[in-house]
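Examining the three-dimensional arrangement
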Amino acid sequence: MSVLFPAVAARSDRPALRCGADSLTYGELARAAGALAARLDGVERVAVWATPTARTAVAVVAALLAGVPAVPLNPRTGERELAHILGDSAPGAVLAGAEDTLPEGLAKLPRIDVEPDATGPAPGAGTGGGTREKDIDPESPALIVYTSGTTGPPKGVLLSRRAVAASLDALAEAWAWTSDDVLVHALPLFHVHGLVLGILGPLRRGGEVRHLGAFSVEGVARELGAGGGTVLFGVPTMYHRLADALSHDEGLVRALAGARLLVSGSAALPVRDHERIAAATGRTVVERYGMSETLMNTSVRPGGEPRPGTVGTPLPGVDLRLVDEDGSVLGAYDGETVGEVQVRGPNLFSGYLNRPEATAEAFDGDWFRTGDMAVREADGTVRLVGRRATDLIKSGGYKIGAGEIENALLDHPGVREAAVTGEPDPDLGERIVAWVVPADASAPPAGTELADHVAGLLAPHKRPRAVRYLDALPRNDMGKVLKKALPAAGRT
Ligand code: MCA
Ligand code: AMP
């Protein structure tokens, strides 16, 4: 396979990335990542403390140059989730910035400091251990990204070099994404959206990425348009906040109007936000649809007819079909017939780490079952209409399993029973609601206490945003919780 990052191999003087005060040209990135890659000799798998900084980009590029699979870690991960990820992925070392304070859970691992201004051998000329990047098996894992399911702890998604390259190249074709583009974003760097699309994407194209460190309307307004940014990536919550600001922020209007491409993904962007942005700026937001397991499947094509509420047509190389509950393939292109989306193509993952049964269940032959329900329009445009599992919540673009939060809540001494649901939220898309039967009805644990408890065990984005107390959970004759009956039953 050819190298993943031709511009890194060429060590050009063009800007590669900027994050806060740190900026690196391709030559500087090649030297820093090359030096780090040389230190990964003998490491089988490496964890990356994925702060929203240039160091994360250097660390991941180094791992890819060395052919060592990288496991990006959310730096805010709580103790239980971190212990699970480390136990499951068994990294041989952790890459982190020298100034990062790592939690107890990581203390046992050898630590390798990431130095963005280090210098090392030219990538491609052998990386310390003598591995030439072009000799690395394209099927070998590049990244292991953890993603939530309905129950149980998150699963490690094995993403090969082949899948990463195929998906990024398909997007480049669909979006005319080139080395002239300057991508602006503020996405977290431990998921596919921010890391694969948002960092590896521009680096594969030889273009520039500017990461804002944290999302802010001001940051977007500053970097896009007159600031030189040409493309914006974001989750719907970010576009919602931009849409809110457009009515009183002329600078933001100019910045969005001047961008070449505005892309939203990870969850559905409500039509109202599409319309508000289009009305204020004259620009339409392009939606694309993907998953950790599949990378990108479909996209609306820029320049074509705007299709708010849809995720466009399959990307080059991706086959997509709709399947009925009984397993029969649906041929309808009528905008009405609903089926589960199944996909196949070079963009697909290689399986879940250590989970052969879960991997087998996820596939029907070589078709991956996404769990997303959709209809197709006459022209092949896909419109997502829901998910098969109601126990998967998308909040702020993060996928969160109800089961893992319920388990965490049940570990609190003040909780006797717990159920978790997602409720519509104008900002987050869905917000996590915890339905709790307190151990002592006269002294229920405070909502903030339960939120802190979940944030500490799992991650802050998994914390309940509302807690409702009940005397008992509604259950059927079999004792199964009736989640649909919960809204009528609760009190705050
Ligand atoms: C709040 N915080 C807490 C607590 N409460 N920390 C500890 N304990 C607590 N109880 C902290 C947070 O850490 C954070 O700190 C701050 O308070 C606010 O956090 P939060 O409430 O989560 O912020 P938010 O306003 O809800 O964030 C909105 C957001 C975020 C910025 C849009 O949801 C986001 O970044 N979403 C991106 C999700 C994403 O990338 N998904 C991709 C996966 P501080 O302020 O210091 O940070 S999907 C995917 O990859 C597929 C392939 C696809 O299709 O894209
Ligand atoms: P994750 O597992 O976190 O990678 O999330 C993948 C899921 O996000 C998909 O299965 C979809 O349900 C959802 N998703 C991604 N992009 C979109 C989009 N543009 N519109 C609606 N849902 C989306």
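The paragraphs below set out a description of the structure included in this document. (Residues numbered from 1 in each chain as written. Chains lettered and ligands numbered in written order. Predicted model: local features only at pLDDT ≥ 70, side-chain atom pairs only at ≥ 80, totals over all residues. Heavy atoms only, no water.)

**A short note on the overall build of the protein chain**
A count of helical and extended segments in the protein chain gives 14 helices and 26 strands. On C-alpha atoms alone, the protein chain measures out to a radius of gyration of 22 Å, which is about the 23 Å that the 2.2 N^0.38 rule sets for 492 residues. Each principal axis of the C-alpha distribution contributes one length, and for the protein chain these read about 65 × 55 × 50 Å. In the protein chain, buried positions account for 57% of the 492 residues. In the protein chain, the proportion of contacts linking residues at least 24 apart, taken out of those at least 6 apart, comes to 65%. Averaging the positions of the 50 positive and the 61 negative side-chain charges in the protein chain gives two centres separated by 1 Å. (Helix = DSSP H or I, 4+ residues; strand = E, 2+ residues; numbered from the N terminus. Rg over C-alpha atoms; globule rule 2.2 N^0.38 Å. Buried < 20%, exposed > 50% of the residue type's maximum accessible area, 1.4 Å probe, protein only. Contact = heavy atoms within 4.5 Å. Lys, Arg positive; Asp, Glu negative; His and termini not counted. Charge placed at Lys NZ, Arg CZ, Asp CG, Glu CD.)

**Here's the deal with the site of ligand 2**
Neighbouring residues of ligand 2: 15 residues in total, closest Arg288, Ser292, Asp372, Lys394 and Lys399. Take alanine 268: an N or O atom from its main chain is 3.5 Å from a nitrogen atom of ligand 2. Burial of ligand 2 by the protein chains amounts to 91% of its free accessible area of 500 Å². Broken down by element, the residue count for the shell around ligand 2 peaks at 5 residues, all from strand 13 (residues 286-291). Each residue belonging to the shell around ligand 2 can be placed in one class, and the counts come to 6 nonpolar, 4 polar and 5 charged. (Near = heavy atom within 4 Å. Polar contact = N/O pair within 3.5 Å; in protein donor to acceptor, adjacent residues only side chain to side chain. Areas by Shrake-Rupley, 256 points an atom, 1.4 Å probe, with all protein chains shown as cover. Nonpolar A, V, L, I, M, F, W, Y, C, P; charged D, E, K, R; others polar.)

**With respect to the nonpolar core**
Counting residues in hydrophobic clusters, the biggest one holds 112 residues, and the most contacted among them are Val46, Leu95, Leu143, Trp175, Leu200, Phe233 and Phe368. Here this core takes 11 residues from helix 3 (residues 54-66), the largest share from any one element. Beyond its immediate sequence surroundings of up to four residues, phenylalanine 368 is in contact with Met291, Glu293, Thr294, Val341, Gln342, Val343, Leu348, Phe349, Tyr352, Ala362 and Phe363. (Core = buried A, V, L, I, M, F, W, Y, C linked by side-chain atoms within 4.5 Å.)

**A short note on the environment of alanine 472**
Tracing the sequence through the fold places alanine 472 in the loop between strand 26 (466-469) and helix 14 (486-489). Linking alanine 472 and arginine 416, residues 56 residues apart in sequence, is a C-alpha distance of 9.4 Å.

**What to know about the packing of aromatic side chains**
For the structure shown, the criterion picks out 8 aromatic pairs. Consider the rings of phenylalanine 190 and tyrosine 398, whose centres lie 6.3 Å apart with planes at 5°: the pair is stacked. With phenylalanine 190 in the loop between strand 9 (182-185) and helix 6 (192-205) and tyrosine 398 in strand 23 (residues 398-401), the pair connects residues that are 208 residues apart, well separated along the chain. Taken as a pair, phenylalanine 190 and tyrosine 398 share a single burial class, namely buried. Note on phenylalanine 363 and phenylalanine 368: the rings are 5.6 Å apart at their centroids and 70° apart in plane angle, and the pair reads as edge-to-face. Given the relative accessible area of 18%, phenylalanine 363 is considered buried. (Phe/Tyr/Trp six-rings, centres within 6.5 Å; stacked < 30°, edge-to-face > 60°.)

**Topic: the environment of tyrosine 289**
Within the fold, tyrosine 289 resides in strand 13. Counting along the chain gives 148 residues from tyrosine 289 to proline 141, while the straight-line C-alpha distance between them is 22 Å. Dropping the residues within four chain positions of it, tyrosine 289 is found in contact with Met296, Asn297, Thr298, Val311, Val341, Thr370, Asp372 and Leu384. Reaching out from tyrosine 289, the side chain makes a polar contact with the side chain of aspartate 372 at a distance of 2.7 Å.

**Some details on the sheet that holds strand 2 (residues 22-25)**
Strand order in this open sheet of 9 strands is 2-1-10-9-11-12-13-14-15, and the pairing throughout is mixed. Either end of the sheet is taken by a strand with one partner, and the two such strands are strand 2 and strand 15 (313-314). By the bridge criterion, 2 bridges tie strand 9 to strand 11 (residues 231-234) in an arrangement that is parallel. Residue pairing across strands places valine 184 opposite leucine 232, the latter belonging to strand 11. (Pairing = 2+ DSSP bridges.)

**Some remarks on the packing of helix 12 (residues 402-410) against helix 13 (residues 447-457)**
Two measures define how a pair of helices packs: the angle their axes make with one another and the distance between the axes. One can describe the packing of helix 12 onto helix 13 by two numbers: an axis separation of 9 Å at closest approach and a directional angle of 115°. On the basis of the axis angle, helix 12 is roughly perpendicular to helix 13. Note on packing geometry: the crossing formed by helix 12 with helix 13 is right-handed. In contact with Ile405, Ala408 and Leu409 of helix 12, helix 13 contributes Leu450, His453, Val454 and Leu457. Of the residues contributing to the contact of helix 12 with helix 13, the split by class is 6 nonpolar, 1 polar and no charged. (Axes fitted to C-alpha atoms, helices over the stretch in contact; angles between N-to-C directions. Parallel < 35°, antiparallel > 145°, perpendicular 65-115°, else oblique. Left-handed = near helix turned anticlockwise from the far one by under 90°.)

**Things to note about the site of ligand 1**
Surveying the vicinity of ligand 1 reveals 26 residues, the closest of which are Arg76, Ser266, Arg288, Asp452 and Arg463. With respect to ligand 1, the side chain of arginine 463 contributes an N or O atom lying 2.8 Å from an oxygen atom. Its free accessible area being 1,100 Å², ligand 1 has 71% of it covered by the protein chains. Those elements that place two or more of their residues in the shell around ligand 1 are helix 6, helix 8 (236-246), strand 13 and helix 13. Grouping the constituent residues of the shell around ligand 1 by class yields 11 nonpolar, 8 polar and 7 charged.

**A short note on the pattern of salt bridges**
Inspection of the entire model under this criterion finds 31 salt bridges. With a shortest N-O distance of 2.9 Å, glutamate 223 and arginine 210 are connected by a salt bridge. Here arginine 210 lies in strand 10 (residues 208-211) and glutamate 223 lies in helix 7 (residues 217-223), a separation of 13 residues in the sequence. Residue glutamate 406 is joined to lysine 483 by a salt bridge in which the shortest nitrogen-to-oxygen separation is 2.5 Å. (Salt bridge = Lys/Arg side-chain N within 4 Å of Asp/Glu carboxyl O.)

**Description of unusual backbone geometry**
The backbone phi angle of alanine 176 is positive, close to 50°, even though this residue is not glycine. Examined against the element boundaries, alanine 176 turns out to sit in the loop between helix 5 (161-175) and strand 9. With a phi close to 60°, asparagine 354 is a non-glycine residue in the positive phi region. The topology assignment puts asparagine 354 in the loop between strand 18 (339-344) and helix 11 (356-362). A relative accessible area of 49% places asparagine 354 in the partly exposed class.

**Thoughts on the environment of glycine 228**
As for its position among the elements, glycine 228 is in the loop between helix 7 and strand 11. Since its relative accessible area comes to 31%, glycine 228 is described here as partly exposed. Note: C-alpha distance between glycine 228 and alanine 259 (31 residues apart in sequence) is 8.9 Å. If sequence neighbours within four positions are ignored, glycine 228 has contacts with Val182, Arg210 and Glu223.

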